[in-house]
Amino acid sequence: MSTPLQDFTNLVHSNLEKNGFPDKSVSFPLEKMYESASERGFSFNKVRDELREMEVLSEIVGDRIVFTKQSLPDFGADFDMSKMAEMAQQMLAKMSPEQQAQITQMMQNMSSEQMAGMREHWENMPSEEKPKARRDLKP
């Protein structure tokens with residue numbers, strides 16, 4: 001059984017798709033979106049959080065809210081592993097405090113051998129499997 005929040009989130013996502021999303025960015029009137037959510041008993045910011053989980057980013061631009069598809073970084077053959085820490089920070093910034101604590105705890109409990117094994121596994125993974133692995137790693 002779905003909640004009113006999930007129902008509204010799905011409605012917004014459906015309307016985005018009707019307007020060409022994810023192939024193109026879509027914008028809606030900001031005030032109307034916040035009012036519609038408020039009428040249903042919740043904040044539109046919660047809807048934005050739910051949409052982010054669905055790889056839909058939103059940005060307020062003037063009196064509009066612009067939705068775009070979250071793009072994944074390119075881990076091609078020339079990928080610089082030194083950028084991994086920066087990407088991890090960006091990923092952590094999008095997580096809830098609870099999710100951040102879980103990831104931090106997991107990383108603290110990993111041995112250096114486990115960390116090295118994960119890195120080696122990634123580096124040896126066939127390039128056609130990396131896009132799926134990136135999606136699976138998303139918070």
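One can find the structure itself at the top, above this paragraph.
Residues numbered from 1 in each chain as written. Predicted model: local features only at pLDDT ≥ 70, side-chain atom pairs only at ≥ 80, totals over all residues. Heavy atoms only, no water.

Student: Lay out the pattern of salt bridges with the relevant residues and their values.
Tutor: Evaluated as defined, the whole model comprises two salt bridges. The salt bridge partner of Arg-52 is Asp-49, with a shortest N-O separation of 3.1 Å. Taken together, the positions of Arg-52 and Asp-49, both in helix α3 (residues 44-53) and three residues apart, correspond to about one turn of that helix. Under the relative-accessibility criterion, Arg-52 is labelled partly exposed at 29%. (Salt bridge = Lys/Arg side-chain N within 4 Å of Asp/Glu carboxyl O. Helix = DSSP H or I, 4+ residues; strand = E, 2+ residues; numbered from the N terminus. Buried < 20%, exposed > 50% of the residue type's maximum accessible area, 1.4 Å probe, protein only.)

Student: Go over the nonpolar core with me, naming the residues and quoting the values.
Tutor: Within the largest apolar cluster, 17 residues are counted, with the highest numbers of intra-cluster contacts made by Val-12, Leu-16, Phe-44, Val-47 and Phe-67. Of all the secondary structure elements, the ones that give two or more residues to this core are α1 (4-18), β1 (26-29), α2 (30-39), α3 and β3 (64-69). By residue number, the principal contributor to this core is α1, which donates four residues. Dropping the residues within four chain positions of it, Leu-16 is found in contact with Phe-21, Val-26, Phe-28, Val-56 and Phe-67. (Core = buried A, V, L, I, M, F, W, Y, C linked by side-chain atoms within 4.5 Å. Contact = heavy atoms within 4.5 Å.)

Student: Any chance you could break down the pairing of β1 for me, citing the residues and the numbers?
Tutor: Burial along β1 is one-sided: Val-26 and Phe-28 are buried, while Ser-27 and Pro-29, pointing the other way, are not. Of the strand pairs in this sheet, β1 and β3 are connected by four bridges, and their pairing is antiparallel. When the bridges of β3 are listed, Pro-29 appears paired with Arg-64. (Pairing = 2+ DSSP bridges.)

Student: Pulling in residues and values, what's your account of a nonpolar patch on the surface?
Tutor: On the surface, a cluster of nonpolar side chains totalling about 360 Å² of accessible area is made up of Met-106, Met-107, Met-115 and Met-118. Counting only elements with at least two residues in the nonpolar patch, the list comes to α5 (97-108) and α6 (112-124). In this fold, Met-115 is placed in helix α6. (Patch = residues over 30% accessible without salt bridge, like charges linked within 9 Å, V, L, I, M, F, W, Y side chains within 5 Å. Areas by Shrake-Rupley, 256 points an atom, 1.4 Å probe, with all protein chains shown as cover.)

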